[in-house]
Amino acid sequence: MKWTGDLAHFPYPFKGSTYRYSNNSIPMKQPYCIEVTSSYKKEMLFKRKLLSDHPERCYQSLPHSITGQWEIVEIVIDHLVSQYPQDFSIEQENNRWIFTNKILDEKKEFIFGEKNSLPCEPLFFISQHVQEDLIYMRQRDDNLYLDAGQLCFPANWSLAFNIGMKFKSIHHPIPGFKEEGLDQRILQFLMRLEAGTPWERLNWSLMAGDRLDTSLETFNQWGRLRKQVTSENAGELVHIRVEVQKLFRLPRTNSILFSIHTHLLALEQLATNIEWLQQFYEILSELPDHIVEYKGISTYKKAVLKYLEKQLQQVKTL
Amino acid sequence: MYIEPTLFVRVSSIEKITKQVKKFTLFPETGKELPRFSGGAHISTYLKIPSGLIVRQYSLVSHPDKRSNYEIAVRLSENSKGGSLHWHQGMKVGDRLQISYPKNHFSLSFKARHHVFYAAGIGITPFLSMMQDISTNRQTFELHYASKSEESCVFHSYIKKHYPNQSHFYFSDQHQRLQTTSLANHPIGTHVYFCGPEGFIEQFRTASIELGYPILSIHSERFSPPKPIVLKAFQVKIHNGITINVSKTETILEALHKHGIIAPYSCQIGRCGTCELPVLKGRVDHYDSFLSDEQKEANNCIIPCVSRAKSDKLVIEIK
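Sequence order as written defines the numbering, with residues in each chain counted from 1. Each chain gets a letter, beginning with A, and each ligand a number, beginning with 1, in the order they are written. In keeping with the predicted nature of the model, local features appear solely for residues at pLDDT of at least 70, side-chain atom pairs appear and are counted solely at 80 or more, and the whole-chain, interface and lining totals rest on all residues. The basis for the side-chain values is all heavy atoms of the structure; hydrogens and waters are excluded.

Some points on the environment of Tyr19 of chain A
Residues and elements named next belong to chain A. Formally: Note on conventions: DSSP H or I runs of at least 4 residues are helices, E runs of at least 2 residues are strands, and numbering of each starts at the N terminus. Residue burial is assigned from relative accessible area. The probe radius is 1.4 Å, only protein chains are included, and a residue is buried under 20% of its type maximum, exposed over 50%, and partly exposed in between. The contact criterion used is simple: two residues touch if any of their non-hydrogen atoms lie within 4.5 Å.
Here Tyr19 shows up in the segment before strand 1 (26-27). You can call Tyr19 buried: its relative accessible area is 12%. If near-sequence neighbours (up to four positions away) are discounted, Tyr19 is found in contact with Asn203, Trp204, Ile283, Glu286, Leu287, Pro288, Ile291 and Lys295.

Here it is as structure tokens:
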């Protein structure tokens, strides 16, 4: 959601003065797969509406993912309760669990591992309580497959299209990813993830507008805004979209939980930090064409650069 | 050096199950439950003994969904360098130790139509949790288990009771021999799994390959002790530029950065692969957990945040 908090806490994604694709993962200091922010309530309502209006777009699963889905329920509840004990609680009596979400004033009772004790699949259930999109990658026969996922806020991709696909096939559209051997390297890294050592990385792109739900299926609704960007309105219209991505090994099914928390920041807000403004200007000016194209910036890159130059000039004349 | 995160446990019971094998039950010290695991998983155990730290891997033999405790079975090895000897003679109920989170390098194939396990002696251990997983998934399997005698056969009565139709025992004191010929009798789509002494695994692997089993349908597990790190100074030459010294106490990556050379990196513990660099000359001493064995043997790349040089000098390429 559009960043409303303190800028000092914004997950600013850049280091150095150039950007290239890489596995910029680092071991997490706080090993939690979820984060509750000030826009929790608003985002949950929005997410639930998307899930009920467009289930095929926002939720997909293969039948053999159910055990893994329960693992996700277990880890997410554990992290919610440990990190936010004032907002979430769990009572466990053998396999009978009662989960309480105090922010939304909801109580849910179910039998852990018993599919029929919930009105929906376990992953669908728990995803209604967290701002993150949750993706389940099953490791089987020396490869990783997208076997289940809840995705409401994709950065221009389609869960319905990618369900059941292998890691490399999913990332095939990224230009240079295969040619540079990065797909194999990152697959290798992911298959060696270990329980107890979760990882985190930041991914970014630019977008015209401030929609969280930029799925491939609705491109016709949000893509056209790209043509409306000018150097005058770029500060307000264009947003940097940052995904905080977290990777956890799920030891019961030897699979991976990939959680994505999306944040949007208007360029005019980014520009209030002079170091960020300067660094982002350098990175965007230098960014290779194939990355500009893939991130969907080509149409309005010039307008954004012009806007950033103007801001930099103003800073210098002050 | 990077030390993996660990869990603190205490020994809650020790049971002698055969003449040479003891079963240890480990319960979490914090009261928080232990992680679940998947069939075929193991843990590393860290034992502090006067001469230093001993790290050993053992398969988990308890139920994968049991979170209140873990069980491992340890065989006293004739030429023990301290690991099993300490487990057998030094360990007492109540003793505290560190274990890793569960890992699995010997997992069940997902696409297999049928699973066949070949175990020799203490090599039975990873198959116990695998059989439990298969039974829940309603898949089919068979077990061929060789042991010196019925008395020394670990978990014999348990297996006989729970898997009477799937298990076959071969006791050498009764002149029964487990032979590779049975590999020829399994239906198409079978995956075979071997665990036991090195020679046993090698014999069955070779026979399977000769019979035409696809490589990906053959699974085996070997535990290898972690490699002790050799810290010596050496030189690194950038292919078109300067030569820099890497001291005993710094990494190649640190030395590069100290000289103002731009080299990308991320995790700094040899796992993410971001800092990988091509090697043009010199022999690499690999310490990372990122490159595969084949990539390491090729000796043409290095993970400079942890790996070092075996030779006095390495020539690397930085664009």
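Next comes the rest of the account.
Concerning the interface of chain A and chain B
Many descriptions give the size of an interface as the accessible area lost when the pieces come together. The condition that has to hold: Using a 1.4 Å probe, buried area is obtained as the accessible area two parts lose upon being combined, added over both of them. Salt bridges are counted wherever a side-chain nitrogen of Lys or Arg sits within 4 Å of a carboxyl oxygen of Asp or Glu. Between N or O atoms, a polar contact is any pair within 3.5 Å; within protein, one atom must be a potential hydrogen donor and the other a potential acceptor, and residues adjacent in sequence are included only when both atoms are from side chains. Polarity classes work like this: nonpolar for Ala, Val, Leu, Ile, Met, Phe, Trp, Tyr, Cys and Pro, charged for Asp, Glu, Lys and Arg, and polar for all others, with Gly in that last group.
Each partner contributes residues to the interface: chain A has 28 residues there, and chain B has 38 residues. In terms of surface lost to chain B, no three residues of chain A exceed Asp141, Arg185 and Arg252 of chain A, which account for 26% of the buried area on that side. Counting across the interface, chain A meets chain B through eight salt bridges. Close ionic contact of Asp65 of chain B with Arg252 of chain A constitutes a salt bridge, the shortest N to O distance being 2.9 Å. Counting across the interface, chain A meets chain B through 22 residue pairs in polar contact (both at pLDDT 80 or more). Elements with a contribution of two residues or more to the side of chain A that touches chain B: strand 1, helix 3 (66-83), strand 6 (133-140) and helix 7 (182-191) of chain A. Residues belonging to the side of chain A that touches chain B are distributed by class as follows: seven nonpolar, 10 polar and 11 charged.

A short note on the nonpolar core
We apply this condition: Here, nonpolar core means buried Ala, Val, Leu, Ile, Met, Phe, Trp, Tyr and Cys residues that are tied together by side-chain atoms lying within 4.5 Å of each other.
One finds Trp204, Leu206, Ile240 and Phe280 of chain A together with Leu256 of chain B to be the most contacted residues of the largest nonpolar core, which totals 90 residues. Not counting the four nearest positions on each side in its chain, Trp204 of chain A is found in contact with Pro13, Phe14, Tyr19, Ile240, Arg241, Val242, Phe280, Leu287, Lys295 and Ile297 of chain A. By size, the runner-up hydrophobic cluster in this structure holds 42 residues, among which are Val36, Met44, Tyr84 and Phe88 of chain A.

Some points on the pairing of strand 13 (residues 243-246) of chain B
Every other side chain in a regular strand lies on the same face of the sheet, so the side chains alternate between the two faces. Residue and element names in this part refer to chain B. Applied cut-off: Criterion used throughout: strands pair if DSSP finds at least two bridges between them.
Going residue by residue along strand 13, you find Ile244 and Val246 tucked away on one face and Thr243 and Asn245 left uncovered on the opposite face. Sheet topology note: the strand 12 (residues 234-238)/strand 13 ladder contains four bridges and is antiparallel. Residue Val236 lies in a different strand from strand 13, and its bridge partner there is Ile244. Between strand 12 and strand 13, which pair antiparallel one after the other, the connecting turn spans four residues.

Notes on the side chain of Gln279 of chain A
Residue and element names in this part refer to chain A. Structurally, Gln279 is set in helix 11 (residues 274-286). With relative accessibility at 17%, the residue Gln279 sits in the buried group. For Gln279, the side chain forms a polar contact with the main-chain oxygen of Gly16, separated by 2.8 Å. Setting aside anything within four residues of it in sequence, one finds Gln279 in contact with Tyr12, Phe14, Lys15 and Gly16.

Some words on the sheet that holds strand 4 (residues 96-101) of chain A
All names here are of chain A. Which entries qualify depends on this criterion: Angles run from 0 to 180 degrees between N-to-C directions of axes, and those axes are lines fitted to C-alpha atoms, restricted for helices to the stretch in contact.
Here three strands make up an open sheet; going across it, the order is 3-4-5 and the pairing antiparallel. Of all the strands in the sheet, just strand 3 (88-93) and strand 5 (106-111) have a single pairing partner and so form its edges. With strand direction ignored, the average angle separating the axes of adjacent strands in the sheet is 15°. Sheet analysis places strand 3 next to strand 4, joined by six bridges and oriented antiparallel. Bridge assignment links Glu91 to a residue of strand 4, and that residue is Ile98. In the packing of helix 3 onto the sheet, the strands contacted are strand 3, strand 4 and strand 5, and the crossing angle to strand 3 comes to about 125°.

Purely geometric numbers; function is a separate question.
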